[in-house]
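Read off the chains here:
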Amino acid sequence: MSRRLAQEYDCPIRDVLDRIGDAWSVLTILELAKGPCRFNALRRVIGGISQRMLSVTLKQLERDGLITRTVLADLSPPQVEYALTDRGRSLHDVLGTLADWAATHQPGIRADRTRYDQAHAPAA
């Protein structure tokens, strides 16, 4: 492992935020907090995510111990269900606070962006 990569993993903030810093992981965790869910159901409720991106996101979350993957072999054809682990639920508590903050402050942020863009628009 390169020295730089080793230093990045020594920083817990950088190491963990690499996973939860992407929108698909956050949206997946927020959705799974409602209860276990199958792949296609997740894909339907997480707007805009491709099948490939959902698959990659789920694998990464499972690798980090944030979700579990259970094969439902008694169904025909067999299906897979995903659920949060205890660690995933503890992360959801934090993300829930962030989601609430975002919902509360989004209108003001959007208004500030509009004002900034208008003030810094190139002269015609």
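Below: a short report on this structure.

Here is what the cut-offs are and how they apply
- Residues numbered from 1 in each chain as written.
- Predicted model: local features only at pLDDT ≥ 70, side-chain atom pairs only at ≥ 80, totals over all residues.
- Heavy atoms only, no water.
- Core = buried A, V, L, I, M, F, W, Y, C linked by side-chain atoms within 4.5 Å.
- Buried < 20%, exposed > 50% of the residue type's maximum accessible area, 1.4 Å probe, protein only.
- Helix = DSSP H or I, 4+ residues; strand = E, 2+ residues; numbered from the N terminus.
- Contact = heavy atoms within 4.5 Å.
- Pairing = 2+ DSSP bridges.
- Expected span 1.5 Å × (residues − 1).
- Arc of directions from axis to C-beta.
- Bend = angle between axes of the 7 residues up to and from the residue.

Right, let's talk about the nonpolar core for a bit. Ile29, Leu32, Leu42, Leu54, Leu58, Ile67 and Tyr82 are the most contacted members of the largest nonpolar core, which has 19 residues in total. Contributing elements (two or more residues each) for this core: α3 (23–32), α4 (39–45), α5 (51–63), β3 (79–84) and α6 (86–119). Contact partners of Leu32, with chain neighbours within four places excluded, come to Cys37, Leu42, Ile67, Tyr82, Ala83 and Leu84.

Bringing the pairing of β3 into the picture now. Judged from the two bridges that link them, strand β1 (residues 37–38) and β3 form a sheet pairing that is antiparallel. Counterpart to Arg38 in the pairing with β3 is Glu81. Both strand β2 (residues 67–72) and β3 contribute to a ladder of six bridges, which runs antiparallel. In the strand pairing of β3, Thr68 is matched with Ala83. Where β2 folds back onto β3 in an antiparallel hairpin, the turn is made up of six residues.

Before going further, it helps to examine α5. With 13 residues, α5 extends 18 Å between its outermost C-alpha atoms, agreeing within 8% with the 18 Å of an ideal straight helix rising 1.5 Å per residue. Of all the residues in α5, the buried ones are Leu54, Thr57, Leu58 and Leu61. Summarising the axial view, the buried residues of α5 lie within an arc of 100°, below the 170-degree limit, and thus occupy one face. Exposed and facing more than 90 degrees away from the buried side of α5 are Arg52, Lys59 and Arg63. The secondary structure elements touched by the buried residues of α5 are α2 (12–20), α3, α4, β2 and β3. One or two positions beyond α5, positive phi appears at Gly65, with a value near 75°.

Attention shifts here to α6. Here α6 is 34 residues long and its end C-alpha atoms lie 47 Å apart, about the 50 Å a rise of 1.5 Å per residue gives. Along α6, the sharpest change in direction is near 50° and occurs at His105; proline Pro107 comes one to four residues later. Those residues of α6 that fall on the buried side of the exposure criterion are Gly88, Leu91, Leu95 and Gly96. Along its buried surface, α6 packs onto α2, α3 and β3.

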